[in-house]
Amino acid sequence: VQLQASGGGLVQAGGSLRLSCVASGRTFSTTGMGWFRQAPGKEREFVAGISWSGGSTYYADSVKGRFVISRDNAKNTVFLQMNSLKSEDTAIYYCAADPTGWGTKVATWYWGQGTQVTVSS
């Protein structure tokens with residue numbers, strides 16, 4: 001599966017960004033999708049996941065209530081709406097695919113390229 005993420009950029013604290021990821025090379029509608037992030041000097045961490053149907057979503061505690069993951073299976077695209085951004089959200093954000101379809105934090109993920117998100121305080 002090939003994953004192309006976009007939508008990153010520089011935003012002030014309290015602002016919003018919407019990330020997008022287009023997938024190809026596999027049946028998107030049966031694939032769980034997710035977002036991870038990696039800040040400088042830190043390990044990559046799970047941010048959000050969504051099941052193949054969109055019926056189940058999962059979030060890291062640090063983003064719950066601020067970020068929303070969604071998908072459009074007709075367009076092979078997954079989104080991450082990020083609101084009320086904080087400086088600690090600054091990281092490279094990676095789109096990821098879960099072939100099992102469930103999109104949970106503990107799935108076996110395949111990552112695409114990342115997009116930089118920088119939140120200025």
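Use the structure listed above.
Described in the following lines is the structure provided in the data block. (Residues numbered from 1 in each chain as written. Predicted model: local features only at pLDDT ≥ 70, side-chain atom pairs only at ≥ 80, totals over all residues. Heavy atoms only, no water.)

## Notes on the overall build of the protein
Item 1. Helices and strands together make up the secondary structure of the protein, namely zero helices and 10 strands.
Item 2. Starting at the N terminus and ending at the C terminus, the protein contains elements arranged as β-β-β-β-β-β-β-β-β-β.
Item 3. On C-alpha atoms alone, the protein measures out to a radius of gyration of 13 Å, which is about the 14 Å that the 2.2 N^0.38 rule sets for 121 residues.
Item 4. Counting only C-alpha atoms and orienting by the principal axes, one finds that the protein spans roughly 40 × 25 × 25 Å. (Helix = DSSP H or I, 4+ residues; strand = E, 2+ residues; numbered from the N terminus. Rg over C-alpha atoms; globule rule 2.2 N^0.38 Å.)

## What to know about the packing of aromatic side chains
Item 1. For the coordinates displayed, the defined rule picks out four aromatic pairs.
Item 2. Both rings, one in F36 and one in F46, keep their centres 5.5 Å apart while their planes meet at 80 degrees; by these two values the pair is edge-to-face. On the criterion of sequence distance, the pair formed by F36 in strand β4 (residues 32-38) and F46 in strand β5 (residues 45-50) is long-range, its members being 10 residues apart.
Item 3. Take F46: its relative accessible area is 8%, and that puts it in the buried class.
Item 4. Between the NZ or CZ atom of R44 and the centre of the ring of W111, over which it lies, the distance is 4.5 Å. (Phe/Tyr/Trp six-rings, centres within 6.5 Å; stacked < 30°, edge-to-face > 60°. Buried < 20%, exposed > 50% of the residue type's maximum accessible area, 1.4 Å probe, protein only. Lys NZ or Arg CZ within 6 Å of the ring centre and 35° of its normal.)

## Comments concerning the environment of G15
Item 1. Residue position: G15 is located in the loop between β2 (9-12) and β3 (17-24).
Item 2. G15 gets classed as buried once you look at its relative accessible area, which sits at 19%.
Item 3. Remark: the alpha-carbon pair of G15 and S120, spanning 105 residues in sequence, is separated by 9.7 Å.
Item 4. Setting aside anything within four residues of it in sequence, one finds G15 in contact with M82, N83, S84 and L85. (Contact = heavy atoms within 4.5 Å.)

## Focus on the sheet that holds strand β10 (residues 110-120)
Item 1. Sheet architecture is open: six strands sit in the order β2-β10-β9-β4-β5-β6, paired in mixed fashion. The open sheet is flanked by β2 and β6 (57-59), the only strands paired with a single partner. Neighbour to neighbour, the strand axes of the sheet diverge by 25 degrees on average, direction disregarded.
Item 2. Sheet topology places β5 next to β6; three bridges connect them, and they run antiparallel. Each bridged residue has a counterpart across the sheet, and for I50 the counterpart in β6 is T57. (Pairing = 2+ DSSP bridges. Axes fitted to C-alpha atoms, helices over the stretch in contact; angles between N-to-C directions.)

## A closer look at the sheet that holds strand β7 (residues 67-72)
Item 1. Read from one edge of the open sheet, four strands run β1-β3-β8-β7, paired in antiparallel fashion. Strand pairing shows two members of the sheet lacking a second neighbour, β1 (2-6) and β7, which therefore form its edges. For this sheet, the mean inter-axis angle between neighbouring strands, taken without regard to orientation, is 15 degrees.
Item 2. Examined bridge by bridge, β7 and strand β8 (residues 77-82) share six bridges and lie antiparallel to one another. Among the inter-strand pairings, R71 is bridged to a residue of β8, identified as V78.

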